[in-house]
Amino acid sequence: MKKLFSLILALALMLSCVTALSEGVFTPGTYEAEAQGFGGMVQVAVTVSESEITAVSIEGAQETPALGGVAVSTLGDAIEKAQTPNVDCVSGATVTSNAIIAAATEALQAAGADIAQLDANRRDTGAEAVREDKTIDTEIVIIGAGGAGMAAAIMVQQAGKDFVILEKMPYVGGNTTKATGGMNAAETHYQKEQGIEDSVELFAADTMKGGHNINDPALVQTLAEQSAGAIDWLDTIGADLPKISFSGGASTNRIHAPADGSAAGNYLVDKFSAKLAELGVEIMLNTKATELIMQDGKIAGVKAESPDANYTINCKAVILATGGFGANEDMYTQYRPDLKGTVTTNAPGATGDGIVMAQAVGAALVDIEQIQLHPTVEQTTSMLITESVRGDGAILVNQAGKRFTNELLTRDAVSAAELAQEGQYAYILFDQHLRDNLKAIEKYVTNGLTVQDDTIEGLASKLNIGPATLAQTLNEWNEAVKNQNDAAFGRTTGMENDLTTPPYYAIQIAPGIHHTMGGVKIDTSAEVISTEGAAIPGLFAAGEVTGGVHGGNRLGGNAVADIVIFGRIAAESAIEYCEK
Ligand code: ADP
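Residues numbered from 1 in each chain as written. Predicted model: local features only at pLDDT ≥ 70, side-chain atom pairs only at ≥ 80, totals over all residues. Heavy atoms only, no water.

## Points about the site of the ligand
(1) Moving on: Glu 167, Asn 175, Thr 176, Asp 353 and Glu 544 are the nearest of the 26 residues found near the ligand.
(2) Moving on: A distance of 3.1 Å separates a nitrogen atom of the ligand from a polar atom in the backbone of Lys 168.
(3) Moving on: At 3.0 Å, a backbone N or O of Ala 289 approaches a nitrogen atom of the ligand.
(4) Moving on: Taking 580 Å² as the accessible area of the ligand by itself, protein coverage stands at 97%.
(5) Moving on: Counting residues per element, the ones that place at least two in the shell around the ligand are helix H5 (147-158), strand E10 (288-295) and helix H12 (353-360).
(6) Moving on: Among the residues forming the shell around the ligand, the class breakdown is nine nonpolar, twelve polar and five charged. (Near = heavy atom within 4 Å. Polar contact = N/O pair within 3.5 Å; in protein donor to acceptor, adjacent residues only side chain to side chain. Areas by Shrake-Rupley, 256 points an atom, 1.4 Å probe, with all protein chains shown as cover. Helix = DSSP H or I, 4+ residues; strand = E, 2+ residues; numbered from the N terminus. Nonpolar A, V, L, I, M, F, W, Y, C, P; charged D, E, K, R; others polar.)

## Concerning the nonpolar core
(1) Moving on: One finds Ile 140, Met 183, Leu 234, Phe 272 and Val 564 to be the most contacted residues of the largest nonpolar core, which totals 99 residues.
(2) Moving on: Take this core: its biggest share by element is 13 residues, from helix H19 (residues 558-579).
(3) Moving on: One finds Ala 394, Leu 470, Ala 480 and Val 481 within the second-largest nonpolar core, a separate group that totals 41 residues. (Core = buried A, V, L, I, M, F, W, Y, C linked by side-chain atoms within 4.5 Å. Buried < 20%, exposed > 50% of the residue type's maximum accessible area, 1.4 Å probe, protein only.)

## Let's talk about the environment of Glu 457
(1) Moving on: Along the chain, Glu 457 falls in helix H17 (residues 456-462).
(2) Moving on: Those residues in contact with Glu 457 that lie beyond four places of it in its chain are Pro 467 and Ala 471. (Contact = heavy atoms within 4.5 Å.)

## A closer look at the pairing of strand E6 (residues 163-166)
(1) Moving on: Here E6 shows two buried faces, one formed by Phe 163 and Ile 165 and the other by Val 164 and Leu 166.
(2) Moving on: Alignment of strand E5 (residues 140-143) against E6, held across four bridges, turns out to be parallel. Pairing of Ile 143 across the sheet is with Leu 166, part of E6.
(3) Moving on: For the handedness criterion, the β-α-β arrangement of E5, H5 and E6 is classed as right-handed. (Pairing = 2+ DSSP bridges. Right-handed = clockwise from strand over helix to strand, strands pointing away.)

## Digging into the sheet that holds strand E11 (residues 298-306)
(1) Moving on: Spatially, four strands are ordered E4-E12-E11-E10 in an open sheet, and the strand pairing comes out mixed. Sheet topology places strand E4 (132-137) and E10 at the edges, where each strand pairs with a single neighbour. Across the sheet, the mean angle separating the axes of adjacent strands is 20° when strand polarity is ignored.
(2) Moving on: As paired strands, E10 and E11 are joined by seven bridges and run antiparallel to one another. If you follow Lys 288 over to E11, its bridge partner there is Glu 305. (Axes fitted to C-alpha atoms, helices over the stretch in contact; angles between N-to-C directions.)

## Comments concerning unusual backbone geometry
(1) Moving on: Each neighbour pair has its own omega, and for Pro 502 with Pro 503 the value is -5°, a cis peptide bond.
(2) Moving on: Take Pro 503: it is sitting in the loop between helix H18 (467-483) and strand E20 (504-516).
(3) Moving on: Here the phi dihedral of Gln 424 falls at roughly 55°; this positive angle occurs in a residue that is not glycine.
(4) Moving on: Among the structural elements, Gln 424 can be located in the loop between helix H14 (411-419) and strand E18 (426-431).
(5) Moving on: Since its relative accessible area comes to 45%, Gln 424 is described here as partly exposed.
(6) Moving on: Residues other than glycine seldom take positive phi values, yet Ala 526 does so here, at roughly 65°.
(7) Moving on: Along the chain, Ala 526 turns up in the loop between strand E21 (519-521) and strand E22 (527-529).
(8) Moving on: Overall, Ala 526 belongs to the buried group, its relative accessible area being 0%.

## Topic: the side chain of Arg 491
(1) Moving on: Tracing the backbone shows Arg 491 in the loop between H18 and E20.
(2) Moving on: On the basis of relative accessibility, which here comes to 2%, the residue Arg 491 falls in the buried class.
(3) Moving on: A distance of 3.0 Å separates a polar atom in the side chain of Arg 491 from the backbone oxygen of Arg 390.
(4) Moving on: With residues up to four places along the chain from it excluded, the contact list for Arg 491 reads Arg 390, Gly 393, Ala 394, Ile 395, Arg 403, Asn 406, Glu 407, Leu 408, Trp 477 and Asp 486.

## Examining the packing of helix H7 (residues 200-210) against helix H8 (residues 217-225)
(1) Moving on: Where H7 meets H8, the closest approach of the two axes is 9 Å, and the angle between their N-to-C directions is 135°. As judged from the angle between their axes, H7 and H8 are oblique. When you trace H7 past H8, the crossing you get is right-handed. Here H7 contributes Val 200, Phe 203, Ala 204, Thr 207 and Met 208 to the contact with H8, which in turn contributes Pro 217, Val 220, Gln 221, Leu 223, Ala 224 and Glu 225.
(2) Moving on: Counted by class, the contact of H7 with H8 contains eight nonpolar, two polar and one charged residues. (Parallel < 35°, antiparallel > 145°, perpendicular 65-115°, else oblique. Left-handed = near helix turned anticlockwise from the far one by under 90°.)

## Comments concerning the sheet that holds strand E1 (residues 29-36)
(1) Moving on: Taken together, the three strands give an open sheet; going across it, the order is E1-E2-E3, and neighbouring strands pair in antiparallel fashion. On the outer flanks of this sheet lie E1 and strand E3 (53-59), each paired with one strand and no other. The average undirected angle you get between the axes of adjacent strands in this sheet is 20°.
(2) Moving on: Taken together, the eight bridges between E1 and strand E2 (residues 41-48) define a ladder with antiparallel strand orientation. From the neighbouring strand, Glu 32 faces E2, where its bridge partner is Ala 45.
(3) Moving on: Along the sheet, helix H3 (residues 94-110) contacts E1, E2 and E3; its crossing angle with E1, the most-contacted strand, is approximately 145°.

## Structural notes on the pattern of salt bridges
(1) Moving on: The final tally for this structure, using the stated rule, is 19 salt bridges.
(2) Moving on: Notably, a salt bridge pairs Arg 122 with Asp 119, separated by 3.7 Å at the nearest N-O pair.
(3) Moving on: Its relative accessible area of 40% is what places Arg 122 among the partly exposed residues.
(4) Moving on: Exposure remark for Asp 119: the relative accessible area of 28% places this residue in the partly exposed category.
(5) Moving on: Between Glu 387 and Arg 390 there is a salt bridge, with its nearest N and O atoms 3.4 Å apart. (Salt bridge = Lys/Arg side-chain N within 4 Å of Asp/Glu carboxyl O.)

## Concerning the pairing of strand E12 (residues 309-314)
The side chains of a regular strand alternate, first on one face of the sheet and then on the other.
(1) Moving on: Where burial is concerned, the two faces of E12 differ: the one with Ala 309, Tyr 311 and Ile 313 is buried and the one with Asn 310, Thr 312 and Asn 314 is not.
(2) Moving on: Where E4 lies against E12, six bridges are found, and the strand directions are parallel. If you follow Lys 134 over to E12, its bridge partner there is Tyr 311.
(3) Moving on: Sheet topology places E11 next to E12; six bridges connect them, and they run antiparallel. What sits directly across from Val 302, in E12, is Ile 313.
(4) Moving on: Counting the residues in the hairpin turn of E11 and E12 gives two residues.

Written out as structure tokens, the structure reads:
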């Protein structure tokens, strides 16, 4: 009897399995869903047969091409290969990646899929492929395809030299894509045409002063002297920066931006990429340099690895353009233990590899502990709330609902003031009028960073701030704007508009790591200097990987100047070195 019962049970189980199989994993068809990305909505269409995901197409025209765009173009394939929507995010493009994953999940659920089951049956995506040993012989290796590396690459290609350019991420641009302002340059043709008086001396003096005078004066002089020429060179490659305005720490209008006022970083990365493509240069993406090879005291090559190869690249000269280390918490806390746990605005590739590789061959470091904090970073997303929000009139209040600083002091001073508040955070507060006039705000609203209300008291309640205190703070500020006199904190700029147009908005912010000013020591020819004080033959460096240009504080507009000017110098020096 017992046996018979077991037999019936087994038969019943088999039958239910057959039924489940014949029902299929999906109901065949194409299913669409959308989710909020970084710049706008991301649409995903998933096509399924009864048993598998056969195609995934993704549209996300408003995503940043260099970052979110990579997720848009690669995650469809990844989902199809893994047969589940839960694939790895593209690092640096988490918001877009998560939007794609969410939309694909919704579409697959509509197709009748059990997502947990898809995860359990995930297909091996072959990540553990065996690497082949490969050797390349060339003249120059450029490590890093951010602003400095790409500027150098254009120069080297135009000089007809044989070279390779390595980029460890699946996309180019690095921290350069994060540069929102423009490029400082003095005595440019644009300044002359627009009647702006400026001089190389003034630019150098402002940079030294901004850097608390610990900058290397020779590097600063070179930066200032070569800046107008660098603007001319940008013109020749179709990357004009004609729009000039004022930026903190400058004695005159000096920051050069694209004609439409858009962010210079993305603009230059797009223009540099387009130029390199036009010149036929192929950037080796997903290829990380791991070591500099020395022979007889000179650079002789680079070791690098990609998902499918271990490279030995023999060369005469190397240009290090690997950027800073603001995304490497172990490294920045080694030099600045006080910054432990601070979020970063940096691109994920900014891990200081070039500094470590250069040190291994004897390079000296300068100002390595000089790290710039940006005072307005939303902490859950690390999204930087642009300085323009304060520049256009926003104020900062603490949890008690009170202002605590002149919001437009230098970044280090405002950051320090925030860290002195209870909880070490603050709220940036603005109104609808400011939102209407600053495009950047839309991104913060669509990403859910803002809390809003039609009344200031309502906003206060949502933030757990005493409504009467916040209302009084706002009244006092609006009075200060009306009288153009901020008796409380002496603010004199960003006071053109009061904050009286509902709805009112707030974003909780705190300081985040923004720029690592220190790095490898270079001379004015971008030669890397050893701890013994001599140039390391064949090794050149440019951009955020180096130290000395910015001293103790980098002025807005000087990072872009640094990468273009020293990227070009490093290329010229490397070319000359190879011809010796
Ligand atoms: P800069 O502003 O100085 O040009 P960026 O941060 O814009 O610096 O660019 C540096 C680039 O170098 C980034 O794209 C980063 O991913 C890349 N990079 C960093 N380390 C390595 C490495 N070990 N190999 C290849 N590329 C690297």
